[in-house]
Amino acid sequence: VVTSRATACLVASDYAVSARRITVARPGSDPVRPAKGSHDGIVRLLSVGAVVPRKGYDLLVAALATLVDLPWQLTIAGDRTRDRDATAQLDADIAGHALEHRIATPGAVSPQRLAALYAEADVFVLASHFEGYGMAYAEAIAHGLPIIGTNAGAIPDTVPPDAGVLVAAGDIPALAQALRRIIGETDLRQRLAGAARAAAPRLPTWPDSAEIFSRVLETLA
């Protein structure tokens, strides 16, 4: 049982598992209210995920360092204890670009605080090098947020093409260009957000996922 079509393809190609033996059960998303966003002229960016190299926070900071002329603030909500070296590098990158006043890294937050961060956000951004599904991307869609991400792994399967802008993983100039467009163009943000809100009801629920998983186990039994 895998979490996406992309992961199913990897299991089949890299581990020689027959496609007939693979079942995709996408993780569920809880219904939530659409984000309200900010109303003070500052575009609030949100990243969610543990501070590990795979999430590409170094790329995101480097891209944002070229956009200091634009009105933005970034919050990175995610466990800072998983990889001490990655956390130290992130802090050094932020300090090296003198972005301490524009990038907040509160670490792991409570579910209530995370819900508030989603509600206050205008854009979700994550420069992952790989995702087997992309839970945070799905959560952002559930909140009706426009997405900036990469085309790595299952992200294109998770993010509808009209709800976000995906760039090649590791491409800092392309990431910066996408950020500049979405931060600078209110109409584009609204159009992407509308598509995300339309896609939200199509996300699987946890009962949907559990039913698929249960059917697999019953077949084996």
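First, a word on what this report is: a plain description of the structure on this page. (Residues numbered from 1 in each chain as written. Predicted model: local features only at pLDDT ≥ 70, side-chain atom pairs only at ≥ 80, totals over all residues. Heavy atoms only, no water.)

Section: the overall build of the protein chain
Okay, step 1: Helices and strands together make up the secondary structure of the protein chain, namely 9 helices and 6 strands.
Okay, step 2: Its C-alpha radius of gyration of 18 Å places the protein chain within 12% of the 17 Å reference for a compact globule of 221 residues.
Okay, step 3: Counting only C-alpha atoms, the protein chain reaches 60 × 35 × 30 Å along its principal axes.
Okay, step 4: Nonlocal contacts in the protein chain, meaning residues at least 24 apart in sequence, comprise 68% of its contacts between residues at least 6 apart. (Helix = DSSP H or I, 4+ residues; strand = E, 2+ residues; numbered from the N terminus. Rg over C-alpha atoms; globule rule 2.2 N^0.38 Å. Contact = heavy atoms within 4.5 Å.)

Notes on a nonpolar patch on the surface
Okay, step 1: There is a patch of nonpolar side chains on the surface, built from Val-1, Phe-213, Leu-217 and Leu-220 and spanning about 420 Å² of accessible area.
Okay, step 2: With respect to the helices and strands, the residue Leu-220 is situated in helix H9 (residues 206–220). (Patch = residues over 30% accessible without salt bridge, like charges linked within 9 Å, V, L, I, M, F, W, Y side chains within 5 Å. Areas by Shrake-Rupley, 256 points an atom, 1.4 Å probe, with all protein chains shown as cover. Salt bridge = Lys/Arg side-chain N within 4 Å of Asp/Glu carboxyl O.)

Examining the packing of aromatic side chains
Here a ring pair, both rings aromatic, is described through the centre-centre distance and the interplanar angle of the planes.
Okay, step 1: Scanning the entire structure with this criterion turns up 1 aromatic pair.
Okay, step 2: Both rings, one in Phe-124 and one in Tyr-137, keep their centres 5.6 Å apart while their planes meet at 70°; by these two values the pair is edge-to-face. Taken together, the positions of Phe-124 in strand E4 (residues 123–125) and Tyr-137 in helix H5 (residues 135–142) put the pair 13 residues apart, joining distant regions of the chain.
Okay, step 3: Phe-124 gets classed as buried once you look at its relative accessible area, which sits at 0%.
Okay, step 4: Tyr-137 gets classed as buried once you look at its relative accessible area, which sits at 0%.
Okay, step 5: Directly above the aromatic system of Trp-72 lies the positively charged group of Arg-102, at a separation of 4.2 Å from the ring centroid. (Phe/Tyr/Trp six-rings, centres within 6.5 Å; stacked < 30°, edge-to-face > 60°. Buried < 20%, exposed > 50% of the residue type's maximum accessible area, 1.4 Å probe, protein only. Lys NZ or Arg CZ within 6 Å of the ring centre and 35° of its normal.)

Brief notes about the nonpolar core
Okay, step 1: Counting 56 residues, the largest nonpolar core has Leu-45, Trp-72, Leu-74, Tyr-118, Phe-124, Leu-175 and Leu-179 as its most contacted members.
Okay, step 2: At 7 residues, the largest contribution of residues to this core is made by helix H7 (residues 172–184).
Okay, step 3: Setting aside residues no more than four positions away along its own chain, Leu-175 makes contact with Leu-59, Leu-60, Ala-63, Ala-127, Ile-148 and Val-167. (Core = buried A, V, L, I, M, F, W, Y, C linked by side-chain atoms within 4.5 Å.)

Overview of the pattern of salt bridges
Okay, step 1: Across all of its chains, the model carries 9 salt bridges by this definition.
Okay, step 2: Asp-157 is the partner of Arg-5 in a salt bridge, and the nearest nitrogen-oxygen pair spans 3.1 Å. You can see Arg-5 sitting in helix H1 (residues 5–15) and its partner Asp-157 sitting in helix H6 (residues 155–158), a full 152 residues away along the chain.
Okay, step 3: The exposed category is assigned to Arg-5, whose relative accessible area is 55%.
Okay, step 4: Taking the shortest distance from any N to any O, the salt bridge between Glu-211 and Arg-215 comes out at 3.3 Å.

Considerations on the environment of Trp-72
Okay, step 1: As for its placement among the helices and strands, Trp-72 is situated in strand E2 (residues 72–77).
Okay, step 2: Separated by 19 residues in the primary sequence, Trp-72 and Asp-91 place their C-alpha atoms 18 Å from one another.
Okay, step 3: For Trp-72, the contacting residues outside a window of four places in its chain are Ile-42, Val-43, Leu-45, Leu-64, Leu-67, Leu-99, Arg-102, Ile-103 and Ile-183.

With respect to the side chain of Ser-128
Okay, step 1: Within the secondary structure, Ser-128 sits in the loop between E4 and H5.
Okay, step 2: Here the side chain of Ser-128 touches Glu-131 through a polar contact of 2.8 Å, side chain to side chain.
Okay, step 3: The residues contacting Ser-128, other than those within four sequence positions of it, are Arg-54, Lys-55, Tyr-137, Thr-150, Ala-152, Ile-155 and Ala-169. (Polar contact = N/O pair within 3.5 Å; in protein donor to acceptor, adjacent residues only side chain to side chain.)

A word on helix H2 (residues 57–64)
Okay, step 1: With 6 of its 8 residues buried, H2 lies for the most part within the structure.
Okay, step 2: Within the span of H2, buried status applies to Tyr-57, Leu-59, Leu-60, Val-61, Ala-63 and Leu-64.
Okay, step 3: Taken together, the buried residues of H2 touch strand E1 (43–48), E2, helix H3 (84–96), strand E3 (103–104), E4 and H7.

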